[in-house]
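Residues per chain are reported as follows:
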Amino acid sequence: MITATGLLGGHAHFLHWGVVQISLANLVVILLMLLVFALAVLVPFPHTPPARRTSAPPAPAPTGEEARDAQP
Amino acid sequence: MLNRDRQQGSWTVGLRERLSRTVPPGQVLPDRQPAYVASWIYVFGVATLAAFLWIIASGTVLVLKGATWWHTSSIGHFVNSTHLWSVELFFFCMVVHLWGKFFMAAWRGRRGLTWATGAVAFIGSIGTAFTGYLSQTNFDSQWIAGQAKDGLNSVGVGAEFNVLNTGQMLLWHVMLLPLVVGVLIVLHVILVRRHGVVPPIDAELPAAPPLDAPLREPVAQREPLAPAQPDGRAGTPARPDRVTT
């Protein structure tokens, strides 16, 4: 039976590439972060149906401070 | 003296009015945001906050029970593991959020301090995590301390920041560094609410017409030209909505 202790409790596997060496676990985490980042950019964000929104006014963008700063 | 004059001279009134101006009205906990905020990148920012809260909660239990509790108690081992894995999630989500904000150039529009507080919080979090490795009270922490002291001595800070001193490292980990990171995170969130979320790049900067584009009207009727831009593009139309830093 594969357990977390069995996967993580043994000797670390290292990959060597010239002067660069990295543990397999760290490499997997970095690749996962890159994959999740790509998905976060590419996957469309689900939008809330307009009927569920409240009647509060939308947030100003840019804020009033920025509008003042942007005056010529 | 009128009552109004007395109020204007009061430091409590001044502080109250300063605090009320920190974030625009209705923007502390808004229920609607501009369309470009609908992005997974901000989900990872909020996930970072959620992981941070769990780090503090599990860490508080570990403080109450002691640094060696997790060696002898199965519940302690579980709490210690949730502390570790919430840190892993914290960094994972924070890095995804950081990459997203970097490629958005999120420091535009006078948001430099928002970016800086997030970046410094990230660096401070790394230091906090390292002192956590030193607080495991096992052979792993002993090995890490032995390696770290050589690096820190080589830059001359080993006398003040002694990684072989378990008590000093534990206090830095449970008190000083979490306080610094927590204050930075609160400031970061306040600044996000104060300045709003950065608009997309193409929505903020209208493209300048190419230099060889034919003029559609006489020069005298065109918009007044702005001074030369830092990137060398001279003569782009003066636009009051340009809020680049």
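Above this text sits the structure in question.
Parameters and conventions
Residues numbered from 1 in each chain as written. Chains lettered and ligands numbered in written order. Predicted model: local features only at pLDDT ≥ 70, side-chain atom pairs only at ≥ 80, totals over all residues. Heavy atoms only, no water. Helix = DSSP H or I, 4+ residues; strand = E, 2+ residues; numbered from the N terminus. Buried < 20%, exposed > 50% of the residue type's maximum accessible area, 1.4 Å probe, protein only. Areas by Shrake-Rupley, 256 points an atom, 1.4 Å probe, with all protein chains shown as cover. Salt bridge = Lys/Arg side-chain N within 4 Å of Asp/Glu carboxyl O. Pairing = 2+ DSSP bridges.

**Q** Can you help me understand the overall build of chain A in this one?
**A** Of the regular secondary structure elements, chain A holds three helices and two strands. When the helices and strands of chain A are read in sequence order from the N terminus, they spell out α-β-β-α-α. Residue burial in chain A is summarised as follows: out of 72 residues, 12% are buried. By element, 69% of the accessible surface of chain A is carried by carbon and sulfur atoms, the whole surface being about 6,000 Å².

**Q** Mind showing me how you'd approach the pattern of salt bridges here?
**A** Side chains carrying opposite charge are able to pair once their charged atoms draw close together. On inspection of all chains with the given rule, the structure shows one salt bridge over all chains. Asp150(B) serves as the salt-bridge partner of Lys149(B), at 2.7 Å between the closest nitrogen and oxygen.

**Q** Looking at this structure, how should I read the pairing of strand β1 (residues 14-17) of chain A?
**A** Regular strands place side chains that alternate from one sheet face to the opposite one. Here four bridges tie β1(A) to strand β2 (residues 20-23) of chain A, and the two strands are oriented antiparallel to one another. When the sheet's bridge partners are listed, Leu15(A) is paired in β2(A) with Ile22(A).

**Q** Explanation requested: the environment of Leu27(A) in the structure shown.
**A** Residues and elements named next belong to chain A. Checked against the element boundaries, Leu 27 lands in helix α2 (residues 24-42). Assessed through its relative accessible area of 26%, Leu 27 is described here as partly exposed. Separated by 13 residues in the primary sequence, Leu 27 and Phe 14 have C-alpha atoms spaced 9.4 Å apart.

Just distances and angles here, no functional claims.
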